[in-house]
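Each chain, written out:
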Amino acid sequence: MTKRNHSGVSEVFDFTKEFKEKSETAEPCCNNCSHTTTKHQPRMPNIKIFSGSSHTDLAEKIAHRLGTHLGKVVSRKFSNQETCVEIGESVRGEDVYIVQSGCGSINDNLMELLIMIHACKIASSHRVTALIPLFPYARQDKKDKSRAPISAKLVANMLSIAGADHIITMDLHASQIQGFFDIPVDNLYAEPAVLKWIRENIEGWKNSVIVSPDAGGAKRVTSIADRLNVDFALIHKERKRANEVDRMVLVGDVKERVAILVDDMADTCGTICCAADKLVMAGASKVYAILTHGILSGPALSRINKAPFEAVVVTNTTPQEEHCAESDKIKV
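Remember, predicted model here, so these are calculated numbers, not experimental data. Every chain is numbered on its own, with residues counted from 1 as its sequence reads. pLDDT decides what is reported in this predicted model: residues at 70 or higher carry local features, side-chain atom pairs at 80 or more are listed and counted, and totals for whole chains, interfaces and linings draw on all residues regardless. Hydrogens and water molecules were not included; the side-chain quantities draw on all heavy atoms of the structure.

Peer 1: I would appreciate a short explanation of the overall build of the protein in the present structure.
Peer 2: Under the scheme used here, helices are H or I runs from DSSP no shorter than 4 residues and strands are E runs no shorter than 2 residues, and both carry numbers assigned from the N terminus. The number of helices and strands found in the protein is 9 helices and 18 strands. A simple rule labels every residue: compare its accessible area, found with a 1.4 Å probe on the protein chains alone, to the largest value its type can have, and call it buried under 20%, exposed over 50%, or partly exposed in between. Here the protein holds 332 residues, and 47% of them are scored as buried. Here, two residues are considered to be in contact whenever any of their heavy atoms come within 4.5 Å of each other. Within the protein, contacts between residues at least 6 apart in sequence are counted, and of these 60% link residues at least 24 apart. To measure how exposed things are, a 1.4 Å probe is used in the Shrake-Rupley method; for residues, cover is taken only from the protein chains shown. If you sum the accessible surface of the protein, you get close to 17700 Å²; carbon and sulfur atoms cover 50% of it.

In structure tokens, the structure reads:
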């Protein structure tokens, strides 16, 4: 939430003692003593966590899980729309983590992240880790036609030059993006959470089929299918242009079975909605979709509401409150 201080500066993040007070309780140091000691949640030593403006809720949950609190950051824009970020506390010698997802106003958020990294680096922090749940420009990972840019490589260069020592991200659109960096990159996977959700929420999952909406996700669905000991299928798609699917061909049998579509991200949802229609036409009894990154831009929600999904499950790598309010099929 944006607040203004007495000098008129817009403060995006300014956390006070309230968070600490919630995590601390006073109790007697012994049974026969009137003195009290403060009981703290376990805290990671020498760690400072800062949040960009893209996904503060996730950053707060991470800090709470680690038994600490978010550091103070003031972010504002000048009248010409330049971004200015001020780190509100000392980071000298600290292990700094900056949480910023590639969602919302992507270009502004990316620039904010770069400035935060640079600010911490020149303030003598020991190490700066950029925690980027949804990596921006991840779909532009190869030169697939003449004069096309490899924007994911450009973003990797920018992060390294800004001063990042370590990158943590989740379910990269293409694993090769890790090779764009000369610094350590940890690509986390949503697969354990996907397996847990399937086992706990889908009746008859033992007779299900894990389906990839495109050939590029075949490795992902085969891994999940092997862990569940069920069959898998895939859909071959042909595109006329970006975000527009021309034709789909189903490879596999889903007749009278539960079909579970699994993909790393969904933007306008044209692909997964066409895939759901294709699976119903092929005889699937129920269709679910499980997505790591639910971007859900443009006509995505109206398409999901019209599609034959039982549920569309997403993670919280991007904010989902508004999406859940507009569609009861969205599950986080």
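Peer 1: Is there a simple way to think about the pairing of strand β5 (residues 47-51) in this case?
Peer 2: Along a regular strand, successive side chains alternate from one face of the sheet to the other. Of all 5 residues in β5, 5 are buried; the element is thus mostly enclosed. If DSSP finds at least two bridges between two strands, the strands pair. Across 5 bridges, β5 lies against strand β8 (residues 95-99) in parallel orientation. For I47, the partnering residue across the bridge sits in β8 and is D95.

Peer 1: In this structure, what is going on with the sheet that holds β8? I would like to understand it.
Peer 2: Note on sheets: strands pair through backbone hydrogen bonds, and any given pair is parallel or antiparallel. Taking strand neighbours across the sheet as the criterion, the 5 strands line up as β5-β8-β9-β10-β11 in an open arrangement whose pairing is parallel. At either end of the open sheet lies a strand with only one pairing partner, and these are β5 and β11 (185-188). On average, adjacent strands in this sheet sit at an angle of 15° to one another, irrespective of strand direction. Note that β8 and strand β9 (residues 127-132) share 5 bridges and pair parallel. Of the residues in β9, the one forming a bridge with I98 is A130. Axis definition: a line fitted to C-alpha atoms, over the contacting stretch in the case of helices. Angles run 0 to 180 degrees between N-to-C directions.

Peer 1: Got a minute to help me understand the environment of I272 in this structure?
Peer 2: With respect to the helices and strands, I272 occurs in helix α7 (residues 270-281). Separated by 19 residues in sequence, I272 and L291 place their C-alpha atoms 9.8 Å apart. I272 has contacts with L261, A266, A289, L291 and F309, leaving out every residue within four places of it along the chain.

Peer 1: Which parts of the structure should I look at to understand the nonpolar core?
Peer 2: Nonpolar side chains in soluble globular proteins generally cluster together in the buried interior. The biggest cluster of nonpolar side chains holds 30 residues, and the ones touching the most others in it are I98, I117, F135, L159, I167, I177 and F181. Secondary structure elements with two or more residues in this core: β8, α3 (106-122), β9 and α4 (151-162). In terms of residue count, the dominant contributor to this core is α3 (6 residues). When near neighbours in sequence (up to four residues on either side) are disregarded, F135 contacts A152, V155, L159, T169, L172, I177 and F181. Grouped together as the second largest cluster of nonpolar side chains are 29 residues, V209, M248, A266 and A284 included. The term nonpolar core refers to a set of buried residues drawn from Ala, Val, Leu, Ile, Met, Phe, Trp, Tyr and Cys, joined through side-chain atoms within 4.5 Å.

Peer 1: Any chance you could explain the pairing of strand β10 (residues 166-170) here in plain terms?
Peer 2: Of all the 5 residues making up β10, 4 are buried; the element is thus mostly covered by neighbouring parts of the structure. Of the pairings in the sheet, the one linking β9 to β10 comprises 4 bridges and is parallel in character. Within β10, the residue paired with A130 across the bridge is I167. By definition, the crossover connecting two strands over a helix is right-handed if that path, from the first strand to the second, turns clockwise as seen with the strands pointing away from the viewer. Handedness of the β9-α4-β10 crossover: right-handed. Of the pairings in the sheet, the one linking β10 to β11 comprises 4 bridges and is parallel in character. Among the inter-strand pairings, I167 is bridged to a residue of β11, identified as V185.

Peer 1: Is there a simple way to explain the packing of α3 against α4 in this structure?
Peer 2: In helix packing, the relevant descriptors are the interaxial angle and the interaxial distance, both defined with respect to the helix axes. For the pair α3 and α4, interaxial distance at closest approach is 8 Å and the crossing angle is 25°. When the axes of α3 and α4 are compared, the pair comes out roughly parallel. Of the residues in α4, those in contact with L110, L113, L114, I117, H118 and K121 of α3 are V155, M158, L159 and A162. Classification used: nonpolar for Ala, Val, Leu, Ile, Met, Phe, Trp, Tyr, Cys and Pro, charged for Asp, Glu, Lys and Arg, polar for all others including Gly. For the contact of α3 with α4, the residue count by class is 8 nonpolar, 1 polar and 1 charged. Any angle from 65 to 115 degrees is called roughly perpendicular, while one under 35 is roughly parallel, one over 145 is roughly antiparallel, and all others are oblique.

Peer 1: How do you make sense of α7 when you look at a structure like this?
Peer 2: Two residues of an α-helix separated by three or four positions point the same way, owing to the 3.6 residues in each turn. Helices are assigned an expected span. That span is 1.5 Å times one less than the residue count. Along its 12 residues, α7 runs 17 Å from first to last C-alpha, staying within 8% of the 16 Å computed at 1.5 Å per residue. Positioned one or two residues after α7, G283 has a phi angle of 105°, which is positive.

Peer 1: What is the right way to read the environment of V99 from this model?
Peer 2: Turning to its location among the elements, V99 is positioned in strand β8. Residue classification places V99 among the buried positions, given a relative accessible area of 3%. Along the backbone, V99 and L131 are 32 residues apart, and their C-alpha atoms lie at a distance of 4.7 Å. Not counting residues within four places of it along the chain, the set of residues in contact with V99 comprises I49, F50, S51, G52, A59, I62 and L131.

Peer 1: Explain the pattern of salt bridges to me, please; I cannot follow it from the model alone.
Peer 2: Any two side chains of opposite charge can pair, given that their charged atoms come close. Between Lys or Arg on one side and Asp or Glu on the other, a salt bridge is scored when a side-chain nitrogen of the former is within 4 Å of a carboxyl oxygen of the latter. Following the criterion strictly, the structure yields 11 salt bridges and no others. Of the charged contacts, one joins R76 and E86 as a salt bridge, the two residues approaching to 2.7 Å between their closest N and O atoms. Note that R76 is positioned in strand β6 (residues 73-77) and E86 in strand β7 (residues 83-87), a separation of 10 residues in sequence. On the basis of relative accessibility, which here comes to 22%, the residue R76 falls in the partly exposed class. Across the pair D95 and R127 runs a salt bridge whose closest N-O atoms are separated by 3.2 Å. Placement of the pair is D95 in strand β8 and R127 in strand β9, with a sequence separation of 32 residues. Assessed through its relative accessible area of 16%, D95 is described here as buried.

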